[in-house]
Amino acid sequence: MSSSRSTSEEAEERYSELYLDAEDTEENDEEEEEDDHDPDYEDDDEEIDEDDMAHDLFEAEDEFHDAEDGNIQFLVPPGDGDEAEGSEGLPLPDAERIAVQQRLINLISSRRTGLLSQRQVLDFLRRSNLGHWVFSEGEEDDGNFRFYGRRRRELNPDRFPKVPSDVGRELMNSGTFGANEEETPLNSKKRLARRILDRELGIGNKASRRINQGMMAQSMIPSSDAEMVINYSDNVYSGQFSDDGNFFFACVKDMRVRMYDTSNPYNWRHYKTVSFPFGSWTLTDASLSPDNKWLAYTSIEPNVCLAPTDPNDTGDPYTLSLSERGVGWRGGFGIFSIRFSGDGRELVAGTNSNSIVVYDIESRVVLHSIEGHDDDVNAVCFADKSSPHILYSGSDDTTIKVWDRRSMGDRREAGAFVGHIEGLTYIDSKNDGRYLLSNGKDQSMKLWDLKMMYTTARFEELNPRQHTRYSEFDYRWGRFDDADWFPHPNDNSLVTFRGHKVLRTLIRCHFSPPGSTNSRYVYSGSHDGKIYVYNMDATIAGVIDVKKASVRSRTHSSSYRGYYDARGLPGWSTIVRDASWHPTAPFIAASSLNGQDSAMGTVTLHSYNESPSDEGEPQMGTGYDEKLRRAGQASGSDDPESDEEYEDEGNDE
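These remarks concern the structure in this document.

Criteria and thresholds
Residues numbered from 1 in each chain as written. Predicted model: local features only at pLDDT ≥ 70, side-chain atom pairs only at ≥ 80, totals over all residues. Heavy atoms only, no water. Buried < 20%, exposed > 50% of the residue type's maximum accessible area, 1.4 Å probe, protein only. Helix = DSSP H or I, 4+ residues; strand = E, 2+ residues; numbered from the N terminus. Pairing = 2+ DSSP bridges. Axes fitted to C-alpha atoms, helices over the stretch in contact; angles between N-to-C directions. Contact = heavy atoms within 4.5 Å. Salt bridge = Lys/Arg side-chain N within 4 Å of Asp/Glu carboxyl O. Phe/Tyr/Trp six-rings, centres within 6.5 Å; stacked < 30°, edge-to-face > 60°. Core = buried A, V, L, I, M, F, W, Y, C linked by side-chain atoms within 4.5 Å. Arc of directions from axis to C-beta. Polar contact = N/O pair within 3.5 Å; in protein donor to acceptor, adjacent residues only side chain to side chain.

### Description of the pairing of strand E8 (residues 256-261)
Within E8, five of the six residues are buried, which leaves the element mostly enclosed by the surrounding structure. Where strand E7 (residues 247-252) lies against E8, six bridges are found, and the strand directions are antiparallel. Directly across from Ala-250, in E8, lies its bridge partner Arg-258. Two successive antiparallel strands, E7 and E8, enclose a turn made up of three residues, where Met-255 displays a positive phi of approximately 75 degrees.

The structure is reproduced here in structure tokens:
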């Protein structure tokens with residue numbers, strides 16, 4: 001061995017067995033990436049070739065290993081004494097750390113073309129769990145490595161919010177969120193039967209009868225058994241009932257919105273489909289006007305389509321341009337969220353240019369376009385549907401801003417909410433001008449009170465972004481590590497709800513309606529194929545298993561599933577992206593990414609059922625196509641192996 005060899009080279013040779021690379025994958029050409037690119041999966045910079053970067057970092061002979069989700073893992077051979085010092089959880093040898101650090105410096109500073117920017121390298125290290133190899137400072141770190149220049153916080157085992165929440169319990173006792181059940185030896189079914197009997201007999205005064213009716217409503221949480229399953233050939237990104245329950249729309253990735261007459265919640269009727277011309281990737285959102293006559297829907301474009309809901313009006317939708325800058329999200333402007341104002345005269349939009357746009361429908365002009373956040377604005381809503389004045393915006397910069405339409409001319413927010421440590425995916429108002437709900441990529445949902453918002457001056461004084469400036473969890477690919485969760489020092493939320501999973505797509509949350517639930521609950525979709533229904537004290541009131549209900553609704557041949565199996569692709573998976581509770585009946589409609597590798601979509605209708613037995617026709621769980629043409633019994637199949645395999649898939653959780 002030459003004496004001129006560097007310490008880093010010696011370390012590489014000595015510890016070469018510790019290095020492990022991700023498995024090579026072929027890259028798609030640029031045209032395919034532009035045509036088939038999901039903004040939910042989009043990176044801010046160029047696509048990172050992680051295999052090439054890993055080879056630049058580690059030149060020694062590597063052993064290859066299937067690394068789940070692209071994460072780099074390290075195989076450490078067992079050993080005794082000094083040989084085991086580099087094992088996981090123990091400090092790495094200084095020479096080895098120096099070798100990796102030197103290669104990283106060379107990779108960033110080299111002027112060779114085709115190499116990556118500093119931000120891309122750092123993003124690769126973050127996603128590959130390699131940060132501690134580069135930024136740790138030796139044994140004195142005691143495992144709390146520096147990551148993006150930040151030392152990991154000391155983990156407090158009591159850092160997670162208390163469940164049940166004391167504040168949430170006070171809200172449940174206040175009467176604002178339903179009523180509390182009296183202590184009784186009767187079980188829930190018998191209590192409900194007794195309340196129905198009291199209602200039919202007219203027992204009690206007017207106030208007690210009203211309470212009795214509310215208690216009946218809030219006790220009927222829909223079950224996992226589906227009344228029907230509507231199948232689509234593409235992902236369903238959102239779906240909502242109208243405020244009166246007579247209308248339901250489903251926004252599908254194929255750039256079409258399906259409209260259904262749901263005046264009889266047990267007997268839906270498809271009556272209209274409208275499209276978004278020249279949309280980008282998918283439909284992102286839709287909003288009904290207060291009178292239910294117009295539907296505004298968006299894609300990742302600066303345009304909004306406005307379509308009449310009248311089935312007799314078959315004309316093309318109107319196109320409203322909310323910006324003159326760029327064309328589509330590749331040009332830097334696309335709409336993620338859209339809402340009608342309470343009077344139906346204006347639209348407010350959240351965009352990927354970090355802005356909130358207020359648009360006057362009658363005059364067709366943009367009234368305000370304010371860059372009010374430091375990152376994408378994923379959700380907007382009004383505080384009260386009956387008032388056009390107060391509105392909210394939720395962003396990937398982890399904050400919620402409060403805006404007053406009457407003072408937006410000065411381009412400053414009226415206040416702010418702080419508490420999420422990762423970006424927000426959705427916000428929903430209780431429509432009482434006070435309470436707000438949000439979903440975040442930190443795997444939590446939060447309840448807010450407008451009376452507790454920070455003023456602009458207080459928000460600027462606290463500078464809460466200093467605590468989350470490194471919060472860049474990639475929810476599209478990764479799994480959130482609870483070790484990275486911490487309570488925000490400036491959190492001004494009321495209650496934090498945890499249990500559901502906010503991964504891969506911008507999953508939505510909602511307040512339950514007053515008519516059918518007595519405003520008792522909040523609920524959210526989830527990456528694990530379920531709907532989580534929470535009490536206001538953060539305890540779980542119910543879980544609706546959408547995957548179990550839909551896994552056998554669409555039968556595929558063995559050859560179809562074999563296509564996925566032969567390529568090592570994921571099997572049947574379900575992601576509930578949105579859910580809507582019927583305003584007057586105990587029904588929830590779940591809009592999901594569903595199927596083999598979640599490649600297709602469904603809308604499943606779940607109702608309250610006391611018993612899983614079903615004597616009616618059509619049977620529960622029957623599958624339909626998008627126009628509600630019956631696709632056959634859920635259990636029917638021409639493939640004798642199909643039902644058995646599907647049943648196994650539905651019971652594997």
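Read on for the rest.
### Observations concerning the sheet that holds strand E30 (residues 540-545)
Strands pair in a sheet through their backbones, by hydrogen bonds, and they do so in one of two ways: parallel or antiparallel. The strand order E27-E28-E29-E30 describes an open sheet built from four strands, whose pairing is antiparallel. Every interior strand has two partners, whereas the edge strands, strand E27 (509-511) and E30, have only one. Averaged over all pairs of adjacent strands, the angle between strand axes in this sheet comes to 15 degrees, irrespective of strand direction.

### Here we look at the environment of Met-408
By the secondary structure assignment, Met-408 is in the loop between strand E20 (399-404) and strand E21 (415-418). Note on Met-408: relative accessible area 1%, which makes it buried. As a C-alpha pair, Met-408 and Ile-370 span 38 residues in sequence and 8.4 Å in three-dimensional space. Not counting chain neighbours up to four residues away, the residues in contact with Met-408 comprise Val-358, His-368, Ile-370, Leu-391 and Trp-403.

### Quick notes on the sheet that holds strand E6 (residues 236-241)
Read from one edge to the other, the open sheet built from four strands follows the order E6-E7-E8-E9, with strand pairing classed as antiparallel. Both edges of this open sheet fall to E6 and strand E9 (269-275), since each of them pairs with a single strand only. In this sheet, adjacent strand axes meet at a mean angle of 15 degrees when their direction is disregarded. Sheet topology note: the E6/E7 ladder contains five bridges and is antiparallel. Across the sheet, Gly-239 pairs through a bridge with Ala-250, a residue of E7.

### Looking at the pattern of salt bridges
Within the structure shown, the criterion is met by 22 salt bridges. Between Glu-460 and Arg-412 there is a salt bridge; the shortest N-O distance is 3.4 Å. Placement of Glu-460 in helix H10 (residues 456-462) and of Arg-412 in the loop between E20 and E21 is noted, with a sequence separation of 48 residues between them. For Glu-460, a relative accessible area of 48% corresponds to the partly exposed category.

### Side note on the pairing of strand E32 (residues 587-596)
Summarising burial for E32: ten of the ten residues are buried, a large majority. Here strand E31 (residues 572-581) runs beside E32; their pairing, made up of nine bridges, is antiparallel. Across the sheet, the residue bridging to Asp-578 is Ser-591, located in E32. Count of turn residues in the E31/E32 antiparallel hairpin: five residues. Bridge count for E32 against strand E33 (residues 600-607) is eight bridges, and the pairing is antiparallel. What sits directly across from Ala-590, in E33, is Thr-604. Connecting E32 to the antiparallel partner E33 that follows it, the hairpin turn spans three residues, and Asp-597 within it adopts a positive phi of roughly 55 degrees.

### Observations regarding the packing of aromatic side chains
Using the criterion set out here, one finds 18 aromatic pairs in the structure. Taken together, a centroid distance of 5.2 Å and an interplanar angle of 65 degrees make the contact between Phe-177 and Tyr-435 edge-to-face. Residue Phe-177 is found in the loop between helix H7 (166-174) and helix H8 (188-201), and its partner Tyr-435 is found in strand E23 (residues 435-440); the two are separated by 258 residues along the sequence. You can call Phe-177 buried: its relative accessible area is 1%. Looking at Tyr-435, the relative accessible area reads 4%, which means it is buried. Between Trp-294 and Tyr-318, the ring centres sit 5.8 Å apart and the planes meet at 55 degrees, which makes this aromatic pair tilted. Of this pair, Trp-294 sits in strand E11 (residues 294-299) while Tyr-318 is found in strand E13 (residues 318-321), placing the two residues 24 residues apart along the sequence. Take Trp-294: its relative accessible area is 28%, and that puts it in the partly exposed class. A connected cluster of aromatic rings, assembled from ring pairs, spans Phe-241, Phe-248, Tyr-260 and Trp-268.

### Digging into the nonpolar core
Counting residues in each nonpolar core, the largest one holds 29 residues, and the members touching the most others are Tyr-392, Ile-400, Ile-427, Leu-436, Leu-447, Phe-497 and Val-522. If you look at the next biggest cluster of nonpolar residues, it comprises 17 residues, including Met-228, Ala-589, Val-603 and Tyr-624.

### Some words on H7
Taken together, the buried positions of H7 are occupied by Gly-168, Leu-171 and Met-172. Within H7, the buried residues cover an arc of 100 degrees as seen down the axis, which keeps them to one side. In this structure, the buried residues of H7 make contact with E23, strand E24 (444-449) and strand E26 (495-498). Two residues or fewer after H7 comes Gly-175, characterised by a positive phi angle close to 95 degrees.

### What to know about the environment of Ser-444
By the element assignment, Ser-444 lies in strand E24. You can call Ser-444 buried: its relative accessible area is 0%. Ser-444 sits 57 residues away from Lys-501 along the chain, and the two C-alpha atoms are 8.1 Å apart. When neighbours within four sequence positions are excluded, Ser-444 is seen to be in contact with His-420, Ser-438, Asn-439, Thr-496, Phe-497, Arg-498 and His-500. In terms of polar contacts, Ser-444 uses its side chain to reach the side chain of Asp-442, at 2.8 Å.

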